[in-house]
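As a plain string of letters, each chain reads:
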Amino acid sequence: PTRRSSDLVLVAKLAAWQLTGSTAVFSDALESVVNVVAGALLLYSLYLSSQPADRNHPYGHGKVEFFSAGVEGTLIAVAAVLIAIEAIRQMIRGVELRSLDLGLILVTLATAANAAIGLHLIRIGRRVHSLALVADGRHLLTDVATSGGVIIGLALVWVTGLSIIDPIVALIVAAQILRTGWQLSREAIGGLMDEANLDSLDEMAK
């Protein structure tokens, strides 16, 4: 059900982009594409991590979840670069927007659905101690935050008529998701390298 919901969110955002021609909505839709791809990776990594230890993997397959989170972080970073390129291109050639009212409705509905899915994934991930689930849930909540910025940006364009706000919002979204991608990749590398958790060590020392 979660996967189907993510697919529907993606379809809604792509429809909003086609309706409006907005680079900000494009940025939101592109992040949802990453969400769908990351969801598929997540399912596969959870399947692998549940497999028992074998001759080739005497310590089990749990670290595949760190790999999944690292790939997700990389995909997010690539999406951020593509968004920035499109926003700059739109600034240069001029901004042309349309049907902002319908676009706002679609993006708002998709954002609400993403919030519900993200919170559900984080709750389940913490319950079963799965980094991949928590990472995917956090990514979705970041998507919710950036979608909120997109909604505000579209509303401002609709009210003021200043179309230049749209690519500016897209650049802000790109910077935000690039930060999230770096954080996910950093945590994944730390897990694969068996990096010590200093917060946990400090807590144990008390």
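Residues numbered from 1 in each chain as written. Predicted model: local features only at pLDDT ≥ 70, side-chain atom pairs only at ≥ 80, totals over all residues. Heavy atoms only, no water.

Draft legend 1. Representation of the side chain of Thr-20 in the model. Mapping Thr-20 onto the fold places it in helix H1 (residues 2-20). Looking at Thr-20, the relative accessible area reads 0%, which means it is buried. At 3.2 Å, the side chain of Thr-20 forms a polar contact with the backbone nitrogen of Ser-22. Ignoring anything within four residues of it in the chain, the contact list for Thr-20 reads Val-25, Glu-96, Leu-97, Arg-98, Ser-99, Leu-100 and Gly-103. (Helix = DSSP H or I, 4+ residues; strand = E, 2+ residues; numbered from the N terminus. Buried < 20%, exposed > 50% of the residue type's maximum accessible area, 1.4 Å probe, protein only. Polar contact = N/O pair within 3.5 Å; in protein donor to acceptor, adjacent residues only side chain to side chain. Contact = heavy atoms within 4.5 Å.)

Draft legend 2. Expanded view of helix H4 (residues 100-128). Taking 1.5 Å of rise per residue, 29 residues should cover 42 Å, and H4 covers 42 Å from first to last C-alpha, within 8% of that figure. Every buried residue of H4 is listed here: Leu-100, Gly-103, Leu-104, Val-107, Ala-110, Thr-111, Asn-114, Ile-117, Gly-118, Leu-121, Ile-122 and Gly-125. At the C-terminal side of H4, His-129 shows a positive phi close to 60°. (Expected span 1.5 Å × (residues − 1).)

Draft legend 3. Broad picture of the nonpolar core. In terms of nonpolar packing, the biggest core is built from 24 residues, with Val-25, Ile-83, Val-150, Leu-154, Val-169 and Ile-177 touching the most fellow members. For this core, the secondary-structure elements that each account for two or more residues are helix H2 (23-49), helix H3 (64-93), H4, helix H5 (131-160) and helix H6 (165-192). Counting residues per element, this core draws most heavily on H6, at six residues. If we skip the residues at most four places from it in the chain, Ile-83 touches Thr-23, Phe-26, Ser-27, Leu-30, Ala-170, Ala-174 and Ile-177. (Core = buried A, V, L, I, M, F, W, Y, C linked by side-chain atoms within 4.5 Å.)

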